[in-house]
Amino acid sequence: MGIDDKGYYTLRDILGYNAKFNIVLSDRGRGKTYGTKRFLWEQPGEFMCIYRQKPDMSAAINSWLDPLMRMGYDLSDVTWEGNDSDGYQLMKGDRIKGYFRTLSAVNRVKQETFPDTLDWMWWDEFIPMAWTKIPGIESEGDALRTIYKTIDHDTDHPRESRGYKPLRVLMYGNPRTWDNPILSYFAGDPLKGIGIHRAGKDAVCEILAPLDRNEDEVDRNMAFLSQGSFCSPIPKGA
(Lines give C-alpha, C1' and ligand atoms only; values in the text may rest on other atoms or scores of the structure.)
Protein backbone atom coordinates (compact mmCIF):
# COMPACT_ATOMS: atom_id res chain seq x y z
CA MET A 1 0.00 0.00 0.00
CA GLY A 2 0.96 3.65 -0.05
CA ILE A 3 3.59 3.72 2.69
CA ASP A 4 7.16 4.74 1.89
CA ASP A 5 10.37 3.40 3.41
CA LYS A 6 10.10 5.95 6.24
CA GLY A 7 6.62 4.81 7.23
CA TYR A 8 4.78 7.82 5.79
CA TYR A 9 1.99 7.87 3.27
CA THR A 10 2.81 8.19 -0.41
CA LEU A 11 0.43 8.71 -3.33
CA ARG A 12 2.44 6.41 -5.57
CA ASP A 13 0.21 3.33 -5.31
CA ILE A 14 -3.26 4.86 -5.44
CA LEU A 15 -2.44 7.16 -8.35
CA GLY A 16 -1.41 4.09 -10.32
CA TYR A 17 -5.12 3.24 -10.64
CA ASN A 18 -5.69 6.35 -12.79
CA ALA A 19 -9.00 7.18 -11.10
CA LYS A 20 -10.54 10.65 -11.11
CA PHE A 21 -11.49 10.48 -7.42
CA ASN A 22 -8.91 9.06 -5.01
CA ILE A 23 -10.15 8.48 -1.44
CA VAL A 24 -7.70 7.63 1.35
CA LEU A 25 -8.91 6.60 4.82
CA SER A 26 -6.61 6.09 7.79
CA ASP A 27 -5.89 7.02 11.35
CA ARG A 28 -4.03 10.24 12.03
CA GLY A 29 -0.29 10.72 11.86
CA ARG A 30 0.36 8.97 8.54
CA GLY A 31 1.88 12.02 6.85
CA LYS A 32 -0.90 12.32 4.25
CA THR A 33 -1.26 16.09 4.55
CA TYR A 34 2.47 16.70 4.88
CA GLY A 35 3.40 14.66 1.82
CA THR A 36 0.54 15.94 -0.33
CA LYS A 37 1.49 19.58 0.13
CA ARG A 38 4.96 18.72 -1.08
CA PHE A 39 3.50 16.74 -4.00
CA LEU A 40 1.19 19.57 -5.09
CA TRP A 41 3.89 22.20 -4.73
CA GLU A 42 6.23 20.28 -7.01
CA GLN A 43 3.66 19.73 -9.77
CA PRO A 44 4.16 21.95 -12.82
CA GLY A 45 0.48 22.97 -12.97
CA GLU A 46 -1.91 24.53 -10.48
CA PHE A 47 -4.03 22.89 -7.79
CA MET A 48 -7.25 23.66 -5.92
CA CYS A 49 -7.91 22.96 -2.23
CA ILE A 50 -11.54 22.46 -1.23
CA TYR A 51 -13.05 23.18 2.20
CA ARG A 52 -16.58 22.88 3.50
CA GLN A 53 -17.14 26.36 4.88
CA LYS A 54 -15.36 29.71 5.02
CA PRO A 55 -14.02 29.23 8.61
CA ASP A 56 -12.47 25.89 7.56
CA MET A 57 -10.72 27.57 4.65
CA SER A 58 -9.48 30.52 6.72
CA ALA A 59 -8.13 28.25 9.45
CA ALA A 60 -6.31 26.06 6.93
CA ILE A 61 -4.68 29.00 5.17
CA ASN A 62 -3.11 30.23 8.42
CA SER A 63 -0.84 27.20 8.59
CA TRP A 64 -0.93 25.82 5.04
CA LEU A 65 2.65 26.80 4.19
CA ASP A 66 4.22 25.64 7.47
CA PRO A 67 5.19 22.12 6.30
CA LEU A 68 6.76 23.51 3.13
CA MET A 69 8.82 25.92 5.22
CA ARG A 70 9.99 23.05 7.43
CA MET A 71 10.96 21.10 4.31
CA GLY A 72 13.21 23.97 3.28
CA TYR A 73 11.34 25.35 0.26
CA ASP A 74 12.10 28.93 -0.68
CA LEU A 75 8.83 30.77 -0.10
CA SER A 76 10.22 34.30 -0.25
CA ASP A 77 8.07 35.18 -3.28
CA VAL A 78 4.90 33.46 -2.01
CA THR A 79 1.87 35.56 -1.04
CA TRP A 80 -1.90 35.18 -0.53
CA GLU A 81 -4.57 37.08 -2.42
CA GLY A 82 -8.36 37.03 -2.01
CA ASN A 83 -10.90 36.97 0.80
CA ASP A 84 -13.19 34.61 2.70
CA SER A 85 -16.19 35.25 0.45
CA ASP A 86 -14.52 34.85 -2.95
CA GLY A 87 -11.79 32.41 -1.97
CA TYR A 88 -8.03 32.76 -1.96
CA GLN A 89 -5.19 32.35 -4.41
CA LEU A 90 -1.73 31.19 -3.37
CA MET A 91 0.65 33.27 -5.46
CA LYS A 92 4.17 32.26 -6.42
CA GLY A 93 5.58 35.50 -7.71
CA ASP A 94 3.00 36.88 -10.13
CA ARG A 95 1.55 33.43 -10.95
CA ILE A 96 -1.31 31.62 -9.24
CA LYS A 97 -0.10 28.30 -7.87
CA GLY A 98 -3.12 27.26 -5.79
CA TYR A 99 -6.83 28.09 -5.61
CA PHE A 100 -8.65 27.79 -2.27
CA ARG A 101 -12.43 27.47 -2.43
CA THR A 102 -15.37 26.12 -0.41
CA LEU A 103 -18.09 23.63 -1.26
CA SER A 104 -20.62 26.12 0.05
CA ALA A 105 -19.57 28.50 -2.76
CA VAL A 106 -20.10 25.89 -5.48
CA ASN A 107 -22.60 28.05 -7.40
CA ARG A 108 -20.16 30.94 -7.41
CA VAL A 109 -17.30 28.69 -8.51
CA LYS A 110 -19.41 27.63 -11.51
CA GLN A 111 -19.10 31.22 -12.79
CA GLU A 112 -15.30 31.18 -12.65
CA THR A 113 -12.79 30.19 -15.31
CA PHE A 114 -9.76 28.09 -14.40
CA PRO A 115 -6.66 27.25 -16.45
CA ASP A 116 -6.32 23.94 -18.29
CA THR A 117 -3.11 23.37 -16.35
CA LEU A 118 -5.02 23.08 -13.06
CA ASP A 119 -4.43 19.34 -12.61
CA TRP A 120 -5.28 18.54 -8.99
CA MET A 121 -8.10 19.07 -6.50
CA TRP A 122 -7.55 18.21 -2.85
CA TRP A 123 -10.25 17.81 -0.22
CA ASP A 124 -8.54 17.07 3.09
CA GLU A 125 -10.56 16.21 6.22
CA PHE A 126 -13.88 15.63 4.46
CA ILE A 127 -15.24 13.38 7.22
CA PRO A 128 -16.97 15.84 9.65
CA MET A 129 -20.67 15.98 8.82
CA ALA A 130 -21.67 19.60 8.37
CA TRP A 131 -23.57 19.63 5.11
CA THR A 132 -25.92 22.54 4.42
CA LYS A 133 -28.10 22.02 1.37
CA ILE A 134 -27.32 24.39 -1.50
CA PRO A 135 -29.95 25.23 -4.15
CA GLY A 136 -29.55 22.95 -7.12
CA ILE A 137 -27.05 20.68 -5.35
CA GLU A 138 -28.31 17.33 -4.03
CA SER A 139 -25.35 16.31 -1.85
CA GLU A 140 -21.72 17.00 -0.99
CA GLY A 141 -20.66 14.55 -3.67
CA ASP A 142 -22.79 16.42 -6.18
CA ALA A 143 -21.16 19.69 -5.11
CA LEU A 144 -17.69 18.22 -5.55
CA ARG A 145 -18.53 16.82 -8.99
CA THR A 146 -19.95 20.22 -10.01
CA ILE A 147 -16.70 21.95 -9.08
CA TYR A 148 -14.78 19.18 -10.83
CA LYS A 149 -16.76 19.70 -14.04
CA THR A 150 -16.22 23.46 -13.81
CA ILE A 151 -12.46 23.01 -13.73
CA ASP A 152 -12.54 20.26 -16.34
CA HIS A 153 -14.74 22.51 -18.54
CA ASP A 154 -17.15 19.59 -19.03
CA THR A 155 -16.64 19.51 -22.79
CA ASP A 156 -16.85 16.76 -25.40
CA HIS A 157 -13.09 17.01 -25.89
CA PRO A 158 -11.07 15.58 -22.97
CA ARG A 159 -8.21 17.65 -21.66
CA GLU A 160 -5.82 14.88 -22.68
CA SER A 161 -6.83 15.26 -26.33
CA ARG A 162 -5.68 18.87 -26.09
CA GLY A 163 -2.33 17.93 -24.58
CA TYR A 164 -3.19 18.54 -20.92
CA LYS A 165 -3.11 16.21 -17.95
CA PRO A 166 -6.39 14.74 -16.64
CA LEU A 167 -7.91 16.47 -13.63
CA ARG A 168 -7.74 14.27 -10.51
CA VAL A 169 -9.13 14.63 -7.00
CA LEU A 170 -7.44 13.65 -3.72
CA MET A 171 -9.74 13.10 -0.74
CA TYR A 172 -8.47 12.26 2.76
CA GLY A 173 -10.35 11.36 5.90
CA ASN A 174 -9.96 9.88 9.38
CA PRO A 175 -13.42 8.36 9.79
CA ARG A 176 -14.94 7.29 13.07
CA THR A 177 -17.81 5.57 11.26
CA TRP A 178 -19.05 4.96 7.72
CA ASP A 179 -21.99 7.26 8.41
CA ASN A 180 -20.78 9.91 5.97
CA PRO A 181 -22.41 11.26 2.78
CA ILE A 182 -19.18 11.27 0.80
CA LEU A 183 -18.32 7.65 1.51
CA SER A 184 -21.85 6.69 0.53
CA TYR A 185 -21.87 8.87 -2.58
CA PHE A 186 -18.67 7.34 -3.98
CA ALA A 187 -19.75 3.83 -2.95
CA GLY A 188 -16.80 3.06 -0.73
CA ASP A 189 -17.17 -0.47 0.62
CA PRO A 190 -15.93 -1.29 4.14
CA LEU A 191 -16.38 -5.00 3.47
CA LYS A 192 -13.39 -4.92 1.12
CA GLY A 193 -11.09 -4.18 4.05
CA ILE A 194 -7.56 -2.82 4.14
CA GLY A 195 -6.01 -2.12 0.76
CA ILE A 196 -6.84 -0.24 -2.47
CA HIS A 197 -10.21 -1.02 -4.05
CA ARG A 198 -12.31 0.24 -6.90
CA ALA A 199 -15.29 2.14 -5.51
CA GLY A 200 -18.06 3.91 -7.44
CA LYS A 201 -17.86 5.61 -10.82
CA ASP A 202 -14.35 6.94 -11.53
CA ALA A 203 -13.33 6.38 -7.88
CA VAL A 204 -10.82 4.29 -5.96
CA CYS A 205 -10.60 3.95 -2.18
CA GLU A 206 -7.51 3.12 -0.12
CA ILE A 207 -7.86 1.96 3.50
CA LEU A 208 -4.60 1.95 5.43
CA ALA A 209 -3.91 -0.45 8.26
CA PRO A 210 -3.85 1.43 11.59
CA LEU A 211 -0.55 2.30 13.19
CA ASP A 212 0.62 0.14 16.06
CA ARG A 213 -0.61 2.17 19.03
CA ASN A 214 -3.06 1.83 21.89
CA GLU A 215 -6.58 0.56 21.19
CA ASP A 216 -8.28 3.73 22.43
CA GLU A 217 -6.61 5.86 19.78
CA VAL A 218 -7.34 3.37 17.02
CA ASP A 219 -10.95 3.19 18.18
CA ARG A 220 -11.29 6.98 17.93
CA ASN A 221 -9.95 7.19 14.40
CA MET A 222 -10.39 3.77 12.82
CA ALA A 223 -13.47 2.26 14.42
CA PHE A 224 -15.04 2.04 10.96
CA LEU A 225 -12.80 -0.96 10.25
CA SER A 226 -14.96 -3.13 12.49
CA GLN A 227 -18.24 -2.05 10.92
CA GLY A 228 -19.72 -4.48 8.45
CA SER A 229 -22.18 -2.20 6.72
CA PHE A 230 -23.18 1.39 6.04
CA CYS A 231 -24.91 3.31 8.82
CA SER A 232 -26.89 5.63 6.57
CA PRO A 233 -28.71 5.35 3.24
CA ILE A 234 -26.92 6.32 0.06
CA PRO A 235 -27.81 9.96 -0.78
CA LYS A 236 -30.21 10.72 -3.62
CA GLY A 237 -28.35 11.10 -6.89
CA ALA A 238 -25.43 8.86 -5.87
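An account of the accompanying structure is given in this report. Just so we're clear, the structure is a prediction, and the values are computed from it rather than from any experiment.

Moving on: the overall build of the protein chain. The helix and strand tally for the protein chain stands at 8 helices and 9 strands. Put simply, the protein chain has 238 residues, and 49% of those count as buried. At a minimum sequence separation of 6, the contacts of the protein chain that also span at least 24 residues come to 71%. For the protein chain, the accessible area works out to roughly 11500 Å², and carbon and sulfur atoms hold 49% of it.

Looking at the element boundaries, A19 is found in the loop between helix 1 (12-15) and strand 1 (21-25). What makes A19 buried here is its relative accessible area of 5%. C-alpha of A19 to C-alpha of C205: the two residues are 186 residues apart in sequence and 9.6 Å apart in space. The residues touching A19, leaving out its near neighbours within four places in the chain, are R168, R198, D202, A203 and V204.

The sheet built from 9 strands is open, its strands ordered 3-4-5-2-6-7-1-9-8 with mixed pairing. A strand with exactly one partner marks an edge of an open sheet, and here the two such strands are strand 3 (78-83) and strand 8 (195-198). Across the sheet, the mean angle from the axis of one strand to that of its neighbour is 20°, orientation sign disregarded. Strands in contact with helix 2 (residues 32-42) are strand 1, strand 2 (46-51), strand 3, strand 4 (87-92), strand 5 (95-102), strand 6 (118-124) and strand 7 (168-173); relative to strand 6, the strand with the most contacts, it is inclined by about 165°.

For the rest of this paragraph, the subject is helix 6 (residues 140-152). Helix length check: helix 6 (13 residues) gives 18 Å between terminal C-alpha atoms against 18 Å at 1.5 Å per residue, within 8%. For helix 6, the set of buried residues is E140, G141, A143, L144, R145, T146, I147, Y148, T150 and I151. Where helix 6 ends, the next residue or the one after it, H153, has phi of about 70°, a positive value.

Moving on, we get to the pattern of salt bridges. Within the structure shown, the criterion is met by 9 salt bridges. The residue D86 makes a salt bridge to R108 at a minimum N-O spacing of 3.3 Å. Here D86, found in the loop between strand 3 and strand 4, pairs with R108, found in helix 5 (residues 106-109); they are 22 residues apart in sequence, far enough to count as distant. Among the residues examined, D86 registers a relative accessible area of 36% and is labelled partly exposed. Where salt bridges share partners, they join D86, R101, R108 and E112 into one cluster.

Parameters at a glance
Residues numbered from 1 in each chain as written. Predicted model: local features only at pLDDT ≥ 70, side-chain atom pairs only at ≥ 80, totals over all residues. Heavy atoms only, no water. Helix = DSSP H or I, 4+ residues; strand = E, 2+ residues; numbered from the N terminus. Buried < 20%, exposed > 50% of the residue type's maximum accessible area, 1.4 Å probe, protein only. Contact = heavy atoms within 4.5 Å. Areas by Shrake-Rupley, 256 points an atom, 1.4 Å probe, with all protein chains shown as cover. Pairing = 2+ DSSP bridges. Axes fitted to C-alpha atoms, helices over the stretch in contact; angles between N-to-C directions. Expected span 1.5 Å × (residues − 1). Salt bridge = Lys/Arg side-chain N within 4 Å of Asp/Glu carboxyl O.

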